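Okay, here's what each chain looks like letter by letter:
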Amino acid sequence: MKTFAVHIMQRMRLSWAIKPKRCVSTFNKHFKMLKGEVDTQNHQFVKGLQHSSTLKQLIQSILSKVRSGGGEKAIHRHTVVNKKIFVRERIKMLFDQDCEYMEIGALAGLSMNYGDVPAAGIGKIHGKWGIVAANDGTVKGGSMFPITVAKMLRAQRLAFQNFLPTIYLVDSGGGFLIYQAELFPDQDHGGRIFRNEAILSSRGILKIAVVCGPCTAGGAYCPTMTQEAIIVKGIGTLYLGGPPLVKAAIQEEITEEDLGGADLHCRLSGCLDYYAENEEEALSICRDIFLTLNTENIQIDKSYSEPVFSVEELAGIAGQKFITKNDLYKILARLLDGSMFQEFKEKYGSNLITGFGNIHGYLVGILANCGPVSSADALKGSHFIQLCSLREIPLIFLQNFYTQDFPESGLEKGLILKDRANMIASHVCATVPKITINIGGSVGDHDFVMCGWSFEPNFLFSWPSAHTHSNYLSHMEAKNSKDEGKKATDPFLQSTSAFYRSANMLQDGIIFPEDTRQVLGTCLEVACIGYRRSRTEKVQTTHAVLRM
């Protein structure tokens, strides 16, 4: 099976001429210090810590499986027999050596009806951010499945939202024919990938392809629609139909190299641009292309204060049955620089916390809830979102809905609907970067109010124990389920779990609570670079780069 690895490559410097707005640690001293102490001996905390530890072990075992690709035999055939480099080694060679990484969609494709589809990893190239999508040729020849398309489209959305250069490491046998009807016909199926390639190119966003294996059928359009493409001699091939299809159609026998090898496409067809003797050279050429982006690197001011309280204690809070409002303040005390926070409308709207803080030096607006969003909460949220949008301050949504509310009167229902609708409209129309973390759960229309997946935040992650419910009835069904079969025990089959949503590419992945601050810092840097470029540079939509 084929998997697209979506990689957000961290860098030491900004590639744009304008710095994002940042506030260094001295600014935080004007904010109020949060009270973030937790009783680590408390029974509830200890129980929560144990629950988080169990989930962490489960996720680590799953990730170990993901990183093993198609298994030892498949990797041996790929690397020894076919003399190719394993996909994760390719990625490692592509990235800068001091790479710090964040993986997108690590669990995407697991427990699908057609079998497990592993994911991949991340890095940085010459200090510049970018996205890498890579096929794993050890899993059913890197074939494309419906979830592959979903992950690829997510990669392209990230590239578009954040102005990120995109690299495709192509090693794929094309679409898995049994699922062809689910791969191409609809607007959000495989054909959309090629439409998006043209749009990305017209926006001036770099796209590079490295053909380091077969590139077949519809997938052959991937490198031919990039701005620059590299092919590896002997192992890279590009054609609509392979030698067996040619033999069946016109009874002609032809080799893969003669049909679509490196020499043909670099010397005769002009489909590809760079001829590489081996994979090492191809990846080196790809890295060198990043040096032609013609964007200035500016050193980021990395001065900021760490939180006063330990991020490791977040696991004990996250594993509790419910995350209360008091818990939210303790969580913020472990996410924000210096544990400093300036709350907005503190006494108005009791279920929604809004306010300003800093994460890795970036000034951010925080919205965190502890249950149903009332009319007052929604009014406060709308006001705060509009303030942040006006001041160009990124928004962080911490989703924490564990129950649904049913207003008693018709008037109350009407007011809540109106005010929640206004809050939805406020964050939809806000042009600043938006990052959503599901820390406790998301029920019904609260997922709309707090910038859920449908509303295209720049990034959306979940804590392992967080659930998302489409409506109250599904929440109650899950709560009252007496099934003792596999569905009751396998988190990938429970449609409300973070595991299921990650496997189906309905979020960017699961993160451990103690890693939340680092993940937010990385996401903010990526998103702010793209936002500043879109706001300060004259980005015109022109023609895509066409091969002549």
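Relevant structure appears above.
About the criteria used
- Residues numbered from 1 in each chain as written.
- Predicted model: local features only at pLDDT ≥ 70, side-chain atom pairs only at ≥ 80, totals over all residues.
- Heavy atoms only, no water.
- Helix = DSSP H or I, 4+ residues; strand = E, 2+ residues; numbered from the N terminus.
- Buried < 20%, exposed > 50% of the residue type's maximum accessible area, 1.4 Å probe, protein only.
- Contact = heavy atoms within 4.5 Å.
- Areas by Shrake-Rupley, 256 points an atom, 1.4 Å probe, with all protein chains shown as cover.
- Axes fitted to C-alpha atoms, helices over the stretch in contact; angles between N-to-C directions.
- Parallel < 35°, antiparallel > 145°, perpendicular 65-115°, else oblique.
- Left-handed = near helix turned anticlockwise from the far one by under 90°.
- Nonpolar A, V, L, I, M, F, W, Y, C, P; charged D, E, K, R; others polar.
- Polar contact = N/O pair within 3.5 Å; in protein donor to acceptor, adjacent residues only side chain to side chain.
- Core = buried A, V, L, I, M, F, W, Y, C linked by side-chain atoms within 4.5 Å.
- Phe/Tyr/Trp six-rings, centres within 6.5 Å; stacked < 30°, edge-to-face > 60°.
- Lys NZ or Arg CZ within 6 Å of the ring centre and 35° of its normal.
- Salt bridge = Lys/Arg side-chain N within 4 Å of Asp/Glu carboxyl O.

Asks: Even after reading the chapter, I still don't get the overall build of the chain, so can you show me in this structure?
Replies: Along the backbone of the chain there are 20 helices and 19 strands. Counting all 548 residues of the chain, 56% fall into the buried class. If you take every contact in the chain between residues at least 6 apart in sequence, the share linking residues at least 24 apart comes to 79%. As displayed, the chain offers around 23,500 Å² of accessible surface, 54% of which is attributable to carbon and sulfur atoms.

Asks: So what exactly am I meant to see when it comes to the packing of helix α4 (residues 87–94) against helix α11 (residues 279–289) here?
Replies: Helix packing for two helices is described by the angle between their axes and how far apart those axes are. For the pair α4 and α11, the least separation of the axes is 9 Å and the interaxial angle reads 45 degrees. With respect to each other, α4 and α11 are oriented oblique. In this structure, α4 meets α11 at a crossing whose hand is right-handed. Between α4 and α11, the contacting residues are Arg90, Met93 and Leu94 on the first element and Glu279, Glu280, Leu283, Cys286 and Arg287 on the second. Looking at side-chain class alone, the contact of α4 with α11 contains four nonpolar, no polar and four charged residues.

Asks: Quick question: what am I supposed to make of the side chain of Thr138 here?
Replies: In this structure, Thr138 sits in the loop between β5 (131–134) and α5 (146–162). Taking the relative accessible area as the measure of exposure, Thr138 reaches 6% and is therefore buried. For Thr138, the side chain forms a polar contact with the main-chain nitrogen of Gly70, separated by 2.9 Å. Within the structure, Thr138 has its side chain in polar contact with the side chain of Asp136 (distance 2.6 Å). The residues contacting Thr138, other than those within four sequence positions of it, are Gly69, Gly70, Ala74, Ile75, His78 and Phe86.

Asks: How should I be thinking about the nonpolar core in this particular structure?
Replies: Generally speaking, soluble globular proteins have nonpolar side chains that are buried together. Formed by 71 residues in total, the largest nonpolar core has its most connected members in Ile331, Ile437, Phe459 and Phe461. Among the elements that make up this core, the one with the highest residue count is helix α20 (residues 516–536) (seven residues). Excluding anything up to four places from it in sequence, Ile437 contacts Phe397, Leu398, Gln399, Phe461, Trp463, Ile511 and Leu520. Core analysis: the second largest hydrophobic core is formed by 26 residues, Leu363, Ala378, Leu387 and Met423 among them.

Asks: Hey, could you run me through unusual backbone geometry in this one?
Replies: For residues besides glycine, phi is generally negative; the peptide bonds are generally trans as well. Within the chain, Lys83 stands out as a residue other than glycine whose phi angle is a positive 55 degrees. Tracing the backbone through its elements, the reader meets Lys83 in the loop between α3 (72–81) and α4. Note on Lys83: relative accessible area 66%, which makes it exposed. Here the phi dihedral of Glu392 falls at roughly 60 degrees; this positive angle occurs in a residue that is not glycine. Position of Glu392 relative to the elements: it lies in the loop between α14 (375–390) and β15 (395–400). Overall, the relative accessible area of 17% leaves Glu392 in the buried class.

Asks: Looking at this structure, I do not really get the packing of α5 against helix α6 (residues 191–202). What am I missing?
Replies: Where α5 meets α6, the axes come as close as 10 Å, and the angle between the chain directions of the two elements is 15 degrees. The angle between the axes of α5 and α6 places the two elements in the roughly parallel class. Note that α5 runs across α6; the crossing there is left-handed. Where α5 approaches α6, its residues Val149, Met152, Leu153, Gln156, Ala159 and Phe160 are matched on the opposing element by Arg192, Ile193, Asn196, Glu197, Ile199 and Leu200. Split into classes, the residues belonging to the contact of α5 with α6 amount to eight nonpolar, two polar and two charged.

Asks: Would you explain the packing of aromatic side chains in this entry?
Replies: The geometry of an aromatic ring pair is captured by two quantities: the separation of the ring centres and the angle between the planes. Under the counting rule described, the total for this entry stands at four aromatic pairs. Summarising the aromatic geometry, the rings of Phe344 and Phe384 are spaced 5.4 Å apart at their centres and angled 35 degrees between planes, so their arrangement reads as tilted. One end of the pair, Phe344, is in strand β12 (residues 340–344); the other, Phe384, is in helix α14, with 40 residues separating them in the sequence. By way of ring pairs, the aromatic residues Phe344, Phe356 and Phe384 are connected into one cluster. The residue whose ring lies beneath Lys56 is Phe512, and the NZ or CZ to ring-centre distance is 5.1 Å. Over the ring of Tyr348 we find Lys345, and its NZ or CZ is 5.4 Å from the ring centre.

Asks: Just checking my understanding: could you explain the pattern of salt bridges for this structure?
Replies: Following the criterion strictly, the structure yields 17 salt bridges and no others. Arg88 is the partner of Glu103 in a salt bridge, and the nearest nitrogen-oxygen pair spans 3.8 Å. Within this pair, whereas Glu103 is found in strand β4 (residues 101–104), its partner Arg88 is found in helix α4, the two being separated by 15 residues in sequence. The class for Glu103 is buried, based on a relative accessible area of 14%. For Arg88, a relative accessible area of 17% translates into the label buried. The structure contains a network of salt bridges with shared partners spanning Lys84, Arg90, Asp171 and Glu279.

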